[in-house]
Protein chains: 4
Amino acid sequence: MPVQMDAAALRAFLERDFPQMESDFVIERVDEREITVRLKVEYRHLRPGGTVSGPTMFALADVSVYLGILAMIGPKGLAVTTNCSIDFMRKPAAGADLIAECKLLKLGRVLAVGDVLIYSEDVAEPVARATLTYSIPPEIN
Amino acid sequence: MPVQMDAAALRAFLERDFPQMESDFVIERVDEREITVRLKVEYRHLRPGGTVSGPTMFALADVSVYLGILAMIGPKGLAVTTNCSIDFMRKPAAGADLIAECKLLKLGRVLAVGDVLIYSEDVAEPVARATLTYSIPPEIN
Amino acid sequence: MPVQMDAAALRAFLERDFPQMESDFVIERVDEREITVRLKVEYRHLRPGGTVSGPTMFALADVSVYLGILAMIGPKGLAVTTNCSIDFMRKPAAGADLIAECKLLKLGRVLAVGDVLIYSEDVAEPVARATLTYSIPPEIN
Amino acid sequence: MPVQMDAAALRAFLERDFPQMESDFVIERVDEREITVRLKVEYRHLRPGGTVSGPTMFALADVSVYLGILAMIGPKGLAVTTNCSIDFMRKPAAGADLIAECKLLKLGRVLAVGDVLIYSEDVAEPVARATLTYSIPPEIN
């Protein structure tokens, strides 16, 4: 199953449809059912103490699976998150970007499931893991 | 087990320690192991189409359980989210605030578990549900 | 939305299609989008120490949501679990049956979501909570 | 961090402390923070239609993480599951054993987190994935 949208196509899609997110995220790599997304950590993503907030990590996991699905099915639009489980395992390193490594475990007719490991850049142990389910509306099958 | 911090005390805590969150959330009600928190929906919380974003709902669920725990154990600080499962079940109503009804199911020595139902104001069916686990560090037992 | 199958109809369905489960579970109450199911705890459900095993509690949560869905949509068959999150919060009481209180939070065209609290009989604090998503195949809509 | 218990030591532990499980599971491989466990599928594990039941897959994921933790910390006992999220993604192949590939993402002082992918033997796409959190009691630190 070939990739339908590469990093440049996904970026153009984000710029047009999600301009508020485009400045936060960098698509580093797109492969069949795999994508790597960087969060450029800014002050607004931080909690007191300098650590990246939980909602920011959730957002990174969510956008990574979304873009991973779009990469495979094309810019057809309205997949929605139906479920997420996320484990916060370590404190992110201060001052480091976060890197999300996402793998689609299932890309079915109506449901897609993606797994995400989130790392502080250049740190071996993941800070968080997440699994998200997206519902793919019938019109885009 | 009596409530240690009421809505005013929780608000003062938020203002001091999480000023960036204080303008988003209103603590509506505090009871033993229960809390109601309102998200004042603003433009920055929305996705294209006018619906509240997933990360915003995650943030609402997360802060509700955090405040529910602080209400019971006092302003001792550094409980951290270790796990969240969240189900997005319906599209939030456009232009309506979100109301989180949180209940602590467990408040143990090292782990607390809170359940949250999120509603669009004045709509009967919940838009999302979440369960969060917090780890309570030893020094605050 | 009226109940399509009452406790007797659900029991007859279990006896015919899931005979291996029928002896474990008692349907105590069926209401609109709500069901109560008892697990008659036997030696084979226990872990060393006399506590009910995790897989047994998972099975109780799973069957409760399944029966709660069937009660509403009728005996049309093949809904399948796609996701479960479960929190084990306390040790079940020794020698007590488990009671699952299940509520359907969503009963959509393709997905249903049920919430379950599991109690040791006559104990106020829940031993576990679970949320399950079922996928409802198109032919039974 | 070296492995404390190899496959033979884990098997001896299972035989002594969980004799009812010992006949179902085969420990195929133990490495640092990784373990592979086979479920020998028997008639009692099946649902109508010949597919392995959800509770059986939950049990396989649960025991895999448990044994993966014991392999690293030794036979000290009483780690308990506090949380599991599990996604059922495909129907298991009929008549095939299930293989669980488990990786410990965190092995902390009080919490351990393990990720599991479950495959039908000789099938490339996973049938399920799960993440489990175990609480490690203080006396075994």
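Note: the structure precedes this text.
Since the structure is predicted, the reported quantities are computational estimates derived from the model, not experimental observations.

Visitor: Please explain the overall build of chain A as it appears in this structure.
Guide: The number of helices and strands found in chain A is 3 helices and 6 strands. Starting at the N terminus, the α and β elements of chain A follow one another as α-α-β-β-α-β-β-β-β. Over its C-alpha atoms chain A spans a radius of gyration of 14 Å, differing by no more than 12% from the 14 Å that the globule rule assigns to 141 residues. Dimensions along the principal axes, computed over C-alpha positions, put chain A at roughly 45 × 25 × 20 Å. Contacts in chain A between residues far apart in sequence, at least 24 positions, make up 65% of those at least 6 positions apart.

Visitor: Looking at this structure, how should I read the interface of chain D and chain A?
Guide: Interfaces are frequently sized by the accessible area removed from exposure as the parts join. At the interface, 11 residues of chain D touch 11 residues of chain A. Only strand 3 (80-88), strand 4 (98-107), strand 5 (111-120) and strand 6 (128-135) of chain D provide two or more residues apiece to the side of chain D that touches chain A. Element by element, the count of residues in the side of chain D that touches chain A is highest for strand 6 of chain D, at 3 residues. Split by residue class, the side of chain D that touches chain A holds 4 nonpolar, 3 polar and 4 charged.

Visitor: Could you clarify how one ought to interpret the relation of the copies chain B and chain A in this entry?
Guide: A rotation about some axis, followed by a shift along it, carries one copy of the chain onto the other. Superposition of chain B onto chain A requires a rotation of 180° combined with a translation of 0.0 Å along the rotation axis, giving an RMSD of 0.0 Å. One copy is carried onto the other by what is essentially a two-fold rotation axis. For chain B, the smallest separation between a C-alpha atom and the rotation axis is recorded for S85 of chain B, amounting to 2.1 Å. A shared binding surface is used by both copies, with 100% of the interface residues of chain B retained as interface residues in chain A.

Visitor: Would you explain the relation of the copies chain D and chain A in this entry?
Guide: Placing chain D over chain A gives an RMSD of 0.0 Å and needs a rotation angle of 180°, together with 0.0 Å of translation along the axis. A symmetric contact is evident, with 100% of the interface residues of chain D recurring at the interface of chain A.

Visitor: So what exactly am I meant to see when it comes to the sheet that holds strand 2 (residues 34-39) of chain A here?
Guide: Sheet strands pair via backbone hydrogen bonds, and the direction of the pair is either parallel or antiparallel. Pairing is antiparallel in the open sheet, where 12 strands are placed in the order 1(A)-2(A)-4(A)-5(A)-6(A)-3(A)-3(B)-6(B)-5(B)-4(B)-2(B)-1(B). Bordering the open sheet on either side are strand 1 (25-31) of chain A together with strand 1 (25-31) of chain B, each of which pairs with just one other strand. Neighbour to neighbour, the strand axes of the sheet diverge by 20° on average, direction disregarded. Note that strand 2 of chain A and strand 4 (residues 98-107) of chain A share 6 bridges and pair antiparallel. Looking across to strand 4 of chain A, one finds that R38 of chain A is bridged to I99 of chain A. Against the sheet, helix 3 (residues 54-73) of chain A contacts strand 1, strand 2, strand 3 (80-88), strand 4, strand 5 (111-120) and strand 6 (128-135) of chain A together with strand 3 (80-88) of chain B, and its axis sits at roughly 45° relative to strand 4 of chain A.

Visitor: What am I meant to see in the interface of chain B and chain A here?
Guide: In this complex, chain B contributes 17 residues to the contact, which on the side of chain A involves 17 residues. Elements with a contribution of two residues or more to the side of chain B that touches chain A: helix 3 (54-73) and strand 3 of chain B. With 9 residues, the single largest contributor to the side of chain B that touches chain A is strand 3 of chain B. Its residues assigned to classes, the side of chain B that touches chain A comprises 9 nonpolar, 5 polar and 3 charged. Here strand 3 of chain A pairs with strand 3 of chain B via 5 bridges, running antiparallel. In the strand pairing of strand 3 of chain B, S85 of chain A is matched with S85 of chain B.

Visitor: What am I meant to see in the sheet that holds strand 4 (residues 98-107) of chain C here?
Guide: On the basis of which strands lie adjacent, the open sheet formed by 12 strands has the order 1(C)-2(C)-4(C)-5(C)-6(C)-3(C)-3(D)-6(D)-5(D)-4(D)-2(D)-1(D) and antiparallel pairing. Looking at strand neighbours, the two that pair on one side only are strand 1 (25-31) of chain C together with strand 1 (25-31) of chain D, the edges of this open sheet. Here the average twist between neighbouring strands, direction ignored, is 20°. Sheet topology places strand 1 of chain D next to strand 2 (residues 34-39) of chain D; 6 bridges connect them, and they run antiparallel. Counterpart to I27 of chain D in the pairing with strand 2 of chain D is V37 of chain D. Of the strands in this sheet, strand 3 (80-88) of chain C together with strand 1, strand 2, strand 3, strand 4, strand 5 and strand 6 of chain D touch helix 3 (residues 54-73) of chain D, which is tilted by about 45° from strand 4 of chain D.

Visitor: Honestly, the environment of G49 of chain A in this entry has me stumped. Any pointers?
Guide: Residue and element names in this part refer to chain A. Mapped onto the elements of the fold, G49 is located in the loop between strand 2 and helix 3. The exposed category is assigned to G49, around which 9 C-beta atoms lie within 10 Å. A sequence separation of 45 residues divides G49 from A94, and the C-alpha atoms of the two residues are 8.7 Å apart.

Visitor: How should I be thinking about the pairing of strand 2 of chain D in this particular structure?
Guide: Side chains on a regular strand alternate between the two faces of the sheet. What you see with strand 2 of chain D is a clean split: I35, V37 and L39 of chain D sit on the buried side and E34, T36 and R38 of chain D on the side with no burial. Joining the antiparallel neighbours strand 1 of chain D and strand 2 of chain D is a turn of 2 residues, in which R33 of chain D adopts a positive phi near 65°.

Visitor: Explanation requested: the packing of helix 3 of chain A against helix 3 of chain B in the structure shown.
Guide: Relative placement of two packed helices is described by the angle separating their axes and the distance separating the axes. Viewed as axis vectors pointing N to C, helix 3 of chain A and helix 3 of chain B meet at an angle of 150°, and their least axial separation amounts to 9 Å. Helix 3 of chain A and helix 3 of chain B meet at a crossing whose hand is right-handed. Contacts between helix 3 of chain A and helix 3 of chain B involve G54, P55, F58, A59 and D62 of chain A on the former and, on the latter, G54, P55, F58, A59 and D62 of chain B. When grouped by side-chain class, the residues that make up the contact of helix 3 of chain A with helix 3 of chain B number 6 nonpolar, 2 polar and 2 charged.

Visitor: Sorry if this is basic, but what is going on with unusual backbone geometry here?
Guide: Backbone phi values are negative for most residues with the exception of glycine, while trans is the configuration of most peptide bonds. All names here are of chain A. A positive phi angle is found at D122, which is not glycine, with a value near 70°. Structurally, D122 can be placed in the loop between strand 5 and strand 6. C-beta crowding within 10 Å serves as the criterion here: with 9 such atoms nearby, D122 is assigned to the exposed category.

The rules behind the values
- For every chain, the first residue of the written sequence is number 1, and numbering continues from 1 along that sequence.
- Labels are handed out in written order, letters beginning with A for the chains and numbers beginning with 1 for the ligands.
- Restriction of local features to residues with pLDDT of at least 70 applies here, the model being predicted, together with a cutoff of 80 or more for giving and counting side-chain atom pairs; totals for whole chains, interfaces and linings are based on all residues.
- Numbering of helices and strands runs from the N terminus, with a helix taken as a DSSP run of H or I at least four residues long and a strand as a DSSP run of E at least two residues long.
- Radius of gyration: C-alpha atoms only; globule rule: 2.2 Å multiplied by the number of residues to the exponent 0.38.
- Residue pairs are scored as contacts if the distance between their C-beta atoms, which are placed from the backbone, is within 7 Å.
- Under the grouping applied here, Gly and all other residues not named as nonpolar or charged are polar, the nonpolar ones being Ala, Val, Leu, Ile, Met, Phe, Trp, Tyr, Cys and Pro and the charged ones Asp, Glu, Lys and Arg.
- In superposing the copies, a least-squares fit is computed on C-alpha atoms, taking residues whose pLDDT is at least 70 in both.
- For two strands to pair, DSSP has to find at least two bridges joining them.
- A fitted line through C-alpha atoms represents every axis, and for helices the fit uses only the stretch in contact; the resulting angles, taken between N-to-C directions, go from 0 to 180 degrees.
- With C-beta atoms placed from the backbone, a residue is labelled by how many other C-beta atoms lie within 10 Å of its own: buried for 20 or more, exposed for 12 or fewer, partly exposed between the two.
- With the far helix as reference, a near helix turned anticlockwise by less than a right angle produces a left-handed crossing, and one turned clockwise produces a right-handed crossing.

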